[in-house]
Amino acid sequence: MSSTSESERRLTTDPSKPHDRLAARFETKLDAVGTLIRTRMESRHAPRIPEVTAHLVGAGGKRLRPMLTLAAADICGYRGVDDEKLAATVEFIHTATLLHDDVVDESSQRRGRATANLLWDNKSSILVGDYLFSRSFQLMVETGSLRVLDILANASATIAEGEVLQLTAARDLATTEEIYLQVVRGKTAALFSAATEVGGVIAGAPENHTRALFDYGDALGIAFQIADDLLDFQGDAAATGKNIGDDFRERKLTLPIIKAVAKADEEERAFWRRTIEKGDQQDGDLDHAMTLMTQHGALDAARDDAVAWATRATDALKVLPAHDVRDMLSDLADYVVARIN
């Protein structure tokens with residue numbers, strides 16, 4: 001599965017887009033979150049920590065997850081500053097996972113720049129990621145909410161579990177859609193759902209409202225990742241910032257391939273074993289993979305799944321009170337899948 005951070009970069013700046021409307025709505029709070037992040041990533045005794053962190057934070061990114069926390073809290077009527085601390089917490093967790101992911105994936109580029117593990121080394125990336133996880137827990141505790149701590153601690157564990165599951169499933173043709181969903185819930189959706197849920201919790205929202213916010217984040221995260229998988233095969237390279245077929249070349253068993261493998265005959269399975277499991281890829285293999293996915297309707301089926309998850313996300317919001325930010329979140333879910341239509 002491709003990095004969700006790369007997918008965020010695809011949400012290009014445009015005032016008509018829901019992400020940018022959210023950014024404009026919460027500009028002041030996002031500035032406060034940015035200041036908090038810069039302050040808390042400092043280290044008096046280990047200057048490499050802010051160096052490594054600043055390199056990744058400075059590369060940009062839409063800060064989608066922190067915005068989800070601010071939006072959820074706002075919908076539920078929150079008017080304090082603990083939402084800013086939780087938004088920074090969510091971004092620290094996300095940044096830590098990116099640092100770790102780049103080491104695990106042996107990546108050399110993120111957001112169009114050299115990765116921290118390439119510029120420094122793997123040890124620095126891992127240890128700075130650990131530092132950011134620790135900082136995130138300090139921020140959680142400052143809100144004084146045991147439930148918030150429980151939600152974000154569980155999300156952190158689920159993310160790590162998803163990463164380990166992906167190690168065993170990524171290039172195994174026996175991987176099912178159910179396993180894929182477990183991986184996506186760990187790698188992507190867990191932090192989306194935690195980000196929205198804690199916004200409701202910190203606002204003291206009714207239980208059915210916080211549950212709705214969790215369900216929205218969960219479904220949005222899944223739709224987001226499936227859309228990202230599809231953009232790897234059908235996106236515009238100039239818009240996405242990556243070459244078409246990068247996931248295939250990196251032997252990532254994403255949803256369209258899983259669906260094609262499920263319908264493959266023995267000759268086709270031999271092709272997938274050679275290219276994905278063994279990594280023996282030749283000229284023309286990407287085109288053949290595209291042909292097989294199209295022939296079996298795998299791309300269309302994956303698109304249908306993404307749309308269904310986006311619909312679940314918008315449906316979850318219906319129990320929340322009428323609010324312009326609720327409408328922006330609904331539009332965001334629609335936009336995530338509109339990119340692949």
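You'll find the structure just up there.
Residues numbered from 1 in each chain as written. Predicted model: local features only at pLDDT ≥ 70, side-chain atom pairs only at ≥ 80, totals over all residues. Heavy atoms only, no water.

Engineer: Can you help me understand unusual backbone geometry in this one?
Structural biologist: Negative phi values dominate among residues other than glycine, just as trans dominates among peptide bonds. A positive phi angle is found at R251, which is not glycine, with a value near 65°. Considering the arrangement of structural elements, one finds R251 in the loop between α13 (246-249) and α14 (255-262). For R251, a relative accessible area of 19% corresponds to the buried category. (Helix = DSSP H or I, 4+ residues; strand = E, 2+ residues; numbered from the N terminus. Buried < 20%, exposed > 50% of the residue type's maximum accessible area, 1.4 Å probe, protein only.)

Engineer: Just to check I follow, could you spell out the nonpolar core for this structure?
Structural biologist: A general feature of soluble globular proteins is that nonpolar side chains tend to end up buried together. Judged by nonpolar contacts, the single largest core of 96 residues is most densely connected at Y216 and W272. With 13 residues, the top contributor of residues to this core is helix α11 (residues 207-234). Setting aside chain neighbours within four positions, we find Y216 in contact with L68, T196, A313, A316, L317, L329, L332 and A333. (Core = buried A, V, L, I, M, F, W, Y, C linked by side-chain atoms within 4.5 Å. Contact = heavy atoms within 4.5 Å.)

Engineer: Is there a simple way to think about the packing of aromatic side chains in this case?
Structural biologist: One pair of aromatic rings is described through two measures. These are the centre distance and the angle between the planes. Inspection of every chain in the model, using the stated rule, returns three aromatic pairs. Here the aromatic rings of F192 and F224 are separated by 5.4 Å at their centres, their planes lie at 50°, and the arrangement is tilted. Of the two residues, F192 is situated in helix α10 (residues 177-202) and F224 in helix α11; the sequence distance between them amounts to 32 residues. Pair check on accessibility: F192 and F224 agree, each one buried. An angle of 75° between the planes, with centres 6.5 Å apart, marks the rings of F248 and W272 as edge-to-face. Of this pair, F248 sits in helix α13 while W272 sits in helix α15 (residues 266-277), and the two are 24 residues apart along the sequence. By the ring-pair criterion, three or more aromatic residues cluster together here, those being F248, F271 and W272. Lying across the ring of F26, R25 places its NZ or CZ 5.9 Å from the centre. (Phe/Tyr/Trp six-rings, centres within 6.5 Å; stacked < 30°, edge-to-face > 60°. Lys NZ or Arg CZ within 6 Å of the ring centre and 35° of its normal.)

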